[in-house]
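Reading the structure
Spelled out, the chains give:
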Amino acid sequence: VQLQASGGGLVQAGGSLRLSCAASGRTFSSYAMGWFRQAPGKEREFVAAINWSGGSTYYADSVKGRFTISRDNAKNTVYLQMNSLKPEDTAVYYCAADRSKITTTPRSYDYWGQGTLVTVSS
């Protein structure tokens, strides 16, 4: 599976962005998908995850109520809608695919996209 993240950019605090992650391959619908982020000088952290059907989602406490993860298996794409953005949301955002289960642990994921930069100005 190859993953291509897009949709990052510069936005003012309080604004919104929608990230997309397009996957290659016919088995996309069998993968759990996750979004992670890494700010300069910090470790990669979990943001959100969704199971293969879209029926189960997890969020980090820091984004709960502001971010929404979703997927369209017909389009082999997972999305991250980010609302009410804050300067502390500034990071490179990565999408990842897990063959076995929905999880918040980065090392459990099997495939990673290249990342897209989100910058939130105050």
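Before reading on, note that the structure itself is shown above.
Residues numbered from 1 in each chain as written. Predicted model: local features only at pLDDT ≥ 70, side-chain atom pairs only at ≥ 80, totals over all residues. Heavy atoms only, no water.

1. A word on the state of the cysteines
Taken as a whole, this structure holds one disulfide when the rule is applied. Residue Cys21 pairs covalently with Cys95 via a disulfide, S to S 2.1 Å. On the S-S bond that ties Cys21 to Cys95, the torsion sits near 60 degrees, and the link is right-handed. One end of the pair, Cys21, is in strand β3 (residues 17-23); the other, Cys95, is in strand β9 (residues 91-98), and 74 residues separate them in sequence. The residues Cys21 and Cys95 share a single accessibility class, namely buried. (Disulfide = S-S within 2.5 Å. Helix = DSSP H or I, 4+ residues; strand = E, 2+ residues; numbered from the N terminus. Buried < 20%, exposed > 50% of the residue type's maximum accessible area, 1.4 Å probe, protein only.)

2. A short note on the pattern of salt bridges
Pairing between side chains of opposite charge can happen when the charged atoms of each approach one another. Taken as a whole and assessed by the stated rule, the structure comprises five salt bridges. Notably, a salt bridge pairs Asp61 with Lys64, separated by 3.1 Å at the nearest N-O pair. With its nearest N and O atoms 3.2 Å apart, the salt bridge here joins Asp110 to Arg99. Of this pair, Asp110 sits in the loop between β9 and β10 (111-112) while Arg99 sits in the loop between β9 and β10, and the two are 11 residues apart along the sequence. For Asp110, a relative accessible area of 30% corresponds to the partly exposed category. When salt bridges that share partners are traced, they join Arg37, Glu45, Arg66 and Asp89 into one network. (Salt bridge = Lys/Arg side-chain N within 4 Å of Asp/Glu carboxyl O.)

3. Observations regarding the sheet that holds strand β8 (residues 77-82)
Reading across from one edge, β1-β3-β8-β7 is the order of the four strands in this open sheet, with antiparallel pairing throughout. If you trace the sheet from one side to the other, it starts and ends with β1 (3-6) and β7 (67-72), each paired once. The average undirected angle you get between the axes of adjacent strands in this sheet is 15 degrees. (Pairing = 2+ DSSP bridges. Axes fitted to C-alpha atoms, helices over the stretch in contact; angles between N-to-C directions.)

4. Overview of the nonpolar core
Ranked by internal contacts, the top residues of the largest apolar core, which has 37 residues, are Met33, Trp35, Leu80, Met82 and Tyr93. Listed by contribution, the elements that provide at least two residues to this core are β1, β3, β4 (32-38), β5 (45-50), β7, β8, β9 and β11 (116-121). (Core = buried A, V, L, I, M, F, W, Y, C linked by side-chain atoms within 4.5 Å.)

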